[in-house]
Amino acid sequence: MSPAIFIIPARFLKATTRDGFGENLFRDWRYDKEGKPKEDFVLNSSLYSGSILVGGKNFGSGSSREHAAWAIHDYGFKVVVSSFFADIFKNNALNNGLLPVQVSEDFLTTIFKALEQNPDTTLRVDLENQEITLVSTGHSEQFRINPYKKECLLNGYDDIDYLLNLKDRIAQFEDARK
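Worth saying up front: this structure is predicted, and the values here are computed from it rather than measured. (Residues numbered from 1 in each chain as written. Predicted model: local features only at pLDDT ≥ 70, side-chain atom pairs only at ≥ 80, totals over all residues. Heavy atoms only, no water.)

Novice: For this particular structure, what's the right way to read the sheet that holds strand E2 (residues 79–82)?
Specialist: Adjacent strands of a sheet pair through backbone hydrogen bonds, lying either parallel or antiparallel. Spatial strand order, E1-E2-E3: three strands in an open sheet with parallel pairing. A single partner strand is all that each edge strand has here, and the edge strands are strand E1 (52–54) and strand E3 (99–102). Going across the sheet, the axis of each strand differs from the next one's by a mean of 20°, ignoring polarity. Sheet topology places E2 next to E3; four bridges connect them, and they run parallel. Looking at the pairing, Val-79 lines up with Leu-99 of E3. Against the sheet, helix H4 (residues 105–117) makes contact with E1 and E2, and its axis sits at roughly 105° relative to E1, the strand it touches most. (Pairing = 2+ DSSP bridges. Helix = DSSP H or I, 4+ residues; strand = E, 2+ residues; numbered from the N terminus. Axes fitted to C-alpha atoms, helices over the stretch in contact; angles between N-to-C directions. Contact = heavy atoms within 4.5 Å.)

Here it is in structure tokens:
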């Protein structure tokens, strides 16, 4: 049995702010024991770049701390695509400005095949219309998102920002009750 590999290994969970976790994203996959980048790991390849991380099935399983979402976001990803997300990871992602896009297993396989054939493959994620598209073929799928979290992501709100955005409406409601 191979050792577990984590989005952000526990030994890097000492900070309480969101900054600096990206450098240790997938640390044990990206670097050898001497700290040198492993040439065969996809994030160490100049062929792949962008703000969308395409992950395997059951992405985020075992990553119940917010630090996993922080690390992915701090690295520069804005979207993670998978055919299934662990619930706690998915909620942490949404709460920290990272969009988890769940697609069918068939569509995920199609994306991986397209990336293998051409690392410059482009994915377009349209949050407003809840659609992900493989640009080269036009193949697309709809994805679900909680309407509240969708509004927060579209407006760059966290939960507090969302409430502050409603401050005038809350005040009007309170005034009407006096």
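That shown, we press on.
Novice: What exactly am I supposed to notice about the pattern of salt bridges here?
Specialist: Opposite charge on two side chains lets them pair, provided their charged atoms get close. Across all of its chains, the model carries three salt bridges by this definition. In this structure, Glu-105 engages Lys-57 in a salt bridge whose closest nitrogen and oxygen atoms are separated by 3.2 Å. Here the residue Glu-105 occupies a position in helix H4, and Lys-57 occupies one in the loop between E1 and helix H2 (66–75), the gap between them amounting to 48 residues. Accessibility expressed as a relative area gives 56% for Lys-57, which makes it exposed. (Salt bridge = Lys/Arg side-chain N within 4 Å of Asp/Glu carboxyl O. Buried < 20%, exposed > 50% of the residue type's maximum accessible area, 1.4 Å probe, protein only.)

Novice: Help me out: how do you make sense of the side chain of Ser-82 in this one?
Specialist: Here Ser-82 shows up in strand E2. A polar contact of 2.6 Å, which involves the side chain of Ser-82, links it to the backbone oxygen of Gly-56. Setting aside anything within four residues of it in sequence, one finds Ser-82 in contact with Gly-55, Gly-56, Lys-57, Asn-58, Phe-59, Val-101, Gln-102, Val-103 and Leu-108. (Polar contact = N/O pair within 3.5 Å; in protein donor to acceptor, adjacent residues only side chain to side chain.)

Novice: It is not clear to me how the environment of Ile-8 should be interpreted in this structure. Could you clarify?
Specialist: Inspection of the secondary structure assignment puts Ile-8 in the segment before helix H1 (27–30). A residue is classified by how much of its surface remains accessible, and Ile-8, at 8% relative accessible area, is buried. Taking the C-alpha atoms as reference points, Ile-8 and Gln-142, 134 residues apart in sequence, are found 29 Å from one another.

Novice: Mind showing me how you'd approach the packing of aromatic side chains here?
Specialist: For any pair of aromatic rings, the description consists of the separation of the ring centres together with the inter-plane angle of the planes. In this structure the tally under the stated criterion is 10 aromatic pairs. Relative to Phe-85, the ring of Phe-59 lies with its centre 6.2 Å away and its plane at 75°, an arrangement referred to as edge-to-face. Here the residue Phe-59 occupies a position in the loop between E1 and H2, and Phe-85 occupies one in the loop between E2 and helix H3 (87–95), the gap between them amounting to 26 residues. The exposure class of Phe-85 is buried, given its relative accessible area of 1%. Among the aromatic residues, ring-to-ring pairing joins Phe-26, Trp-29 and Phe-41 into one connected group. Looking at Arg-27, its charged tip hangs above the ring of Tyr-31, at a distance of 4.3 Å from the centre. (Phe/Tyr/Trp six-rings, centres within 6.5 Å; stacked < 30°, edge-to-face > 60°. Lys NZ or Arg CZ within 6 Å of the ring centre and 35° of its normal.)

Novice: Looking at this structure, how should I read unusual backbone geometry?
Specialist: Most peptide bonds take the trans form, and the phi angle of most residues other than glycine is negative. Residue Phe-26 is not a glycine yet carries a positive backbone phi of 50°. Its location among the elements puts Phe-26 in the segment before H1. Despite not being glycine, Gln-130 shows a phi value in the positive range, around 55°. Relative to the helices and strands, Gln-130 is located in the loop between strand E4 (123–126) and strand E5 (131–134).

Novice: I tried to follow the sheet that holds E4 on my own but got confused; where do I start?
Specialist: Sheet architecture is open: three strands sit in the order E4-E5-E6, paired in antiparallel fashion. For this open sheet the edge positions go to E4 and strand E6 (139–142), each flanked by a neighbour on one side alone. Direction aside, neighbouring strands of the sheet carry axes that sit 15° apart on average. Examined bridge by bridge, E4 and E5 share four bridges and lie antiparallel to one another. The partner of Asp-126 across the bridge, within E5, is Glu-131. Contacting E4, E5 and E6, H4 crosses the sheet at an angle of about 35° to E5.

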